[in-house]
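Residues per chain, in single letters:
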Amino acid sequence: MNDPLEQAAGSARPLHESVGPGGRAALHFDGNDWLGSGGGMPTGDYTKVAVVVLDDYGSNNNVLSGAGEHAIYYGGSDRAKMYHSG
């Protein structure tokens, strides 16, 4: 069972776009927008997909992350990085 994504602070919720890139529904994260799940990322084999456009590479930008042990992020460059621990 998948845990639902949550965001209680309305000012930090991403915008839902019915028609986004490639004509598909999308979430648009701007600034400090985020979604969370109490269950975090699962263990074992799984796939996560994100289409990312960043306009500021000056700081770390986590695209997908979980429990402080896994992340796909941009850290001061336009090259995606992967962090995995544990």
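A few points on the structure. Please read these numbers as outputs of a predicted model, since none were measured by experiment.

## A closer look at the overall build of the protein
And then number 1: When its secondary structure is counted, the protein shows zero helices and five strands.
And then number 2: The helix and strand sequence of the protein, counted from the amino end, reads β-β-β-β-β.
And then number 3: Across the 86 residues that make up the protein, the buried fraction comes to 14%.
And then number 4: At a minimum sequence separation of 6, the contacts of the protein that also span at least 24 residues come to 17%.
And then number 5: Total accessible area on the protein stands at roughly 6,900 Å², and carbon and sulfur atoms take up 49% of it.

## Regarding the sheet that holds strand β3 (residues 60-66)
Backbone hydrogen bonds are what pair the strands of a sheet, in a parallel or an antiparallel way.
And then number 1: Spatial ordering of the open sheet is given by β3-β4-β5, a layout of three strands whose pairing is antiparallel. Whereas interior strands pair on both sides, the edge strands pair on one side only; in this sheet they are β3 and β5 (80-84). Within this sheet the neighbouring strands show an average axis-to-axis angle of 20°, counted without direction.
And then number 2: The sheet contact formed by β3 and strand β4 (residues 70-75) spans six bridges and is antiparallel. Directly across from Leu64, in β4, lies its bridge partner Ile72.

## So, the environment of Ser59
And then number 1: Structurally, the position occupied by Ser59 is in the loop between β2 (26-28) and β3.
And then number 2: Along the backbone, Ser59 and Gly76 are 17 residues apart, and their C-alpha atoms lie at a distance of 5.3 Å.
And then number 3: Apart from residues no more than four positions distant in its own chain, Ser59 is found in contact with Tyr74 and Gly76.

## Quick look at the pairing of β4
And then number 1: Two elements, β4 and β5, share five bridges in a ladder whose sense is antiparallel. Each bridged residue has a counterpart across the sheet, and for His70 the counterpart in β5 is His84.
And then number 2: Taking the residues between adjacent antiparallel strands as the criterion, β4 and β5 are bridged by four residues, where Gly76 takes a positive phi near 80°.

## Observations concerning the environment of Leu64
And then number 1: Looking at the secondary structure, you find Leu64 in strand β3.
And then number 2: You can call Leu64 partly exposed: its relative accessible area is 22%.
And then number 3: Each C-alpha atom, one on Leu64 and one on Val49, is 9.0 Å from the other, the two residues being 15 residues apart in sequence.

## A short note on the environment of Gly68
And then number 1: Along the chain, Gly68 turns up in the loop between β3 and β4.
And then number 2: What makes Gly68 exposed here is its relative accessible area of 68%.
And then number 3: Between the C-alpha atoms of Gly68 and Ser85, which are 17 residues apart in sequence, the distance is 8.5 Å.

Rules behind the numbers
- Residues numbered from 1 in each chain as written.
- Predicted model: local features only at pLDDT ≥ 70, side-chain atom pairs only at ≥ 80, totals over all residues.
- Heavy atoms only, no water.
- Helix = DSSP H or I, 4+ residues; strand = E, 2+ residues; numbered from the N terminus.
- Buried < 20%, exposed > 50% of the residue type's maximum accessible area, 1.4 Å probe, protein only.
- Contact = heavy atoms within 4.5 Å.
- Areas by Shrake-Rupley, 256 points an atom, 1.4 Å probe, with all protein chains shown as cover.
- Pairing = 2+ DSSP bridges.
- Axes fitted to C-alpha atoms, helices over the stretch in contact; angles between N-to-C directions.

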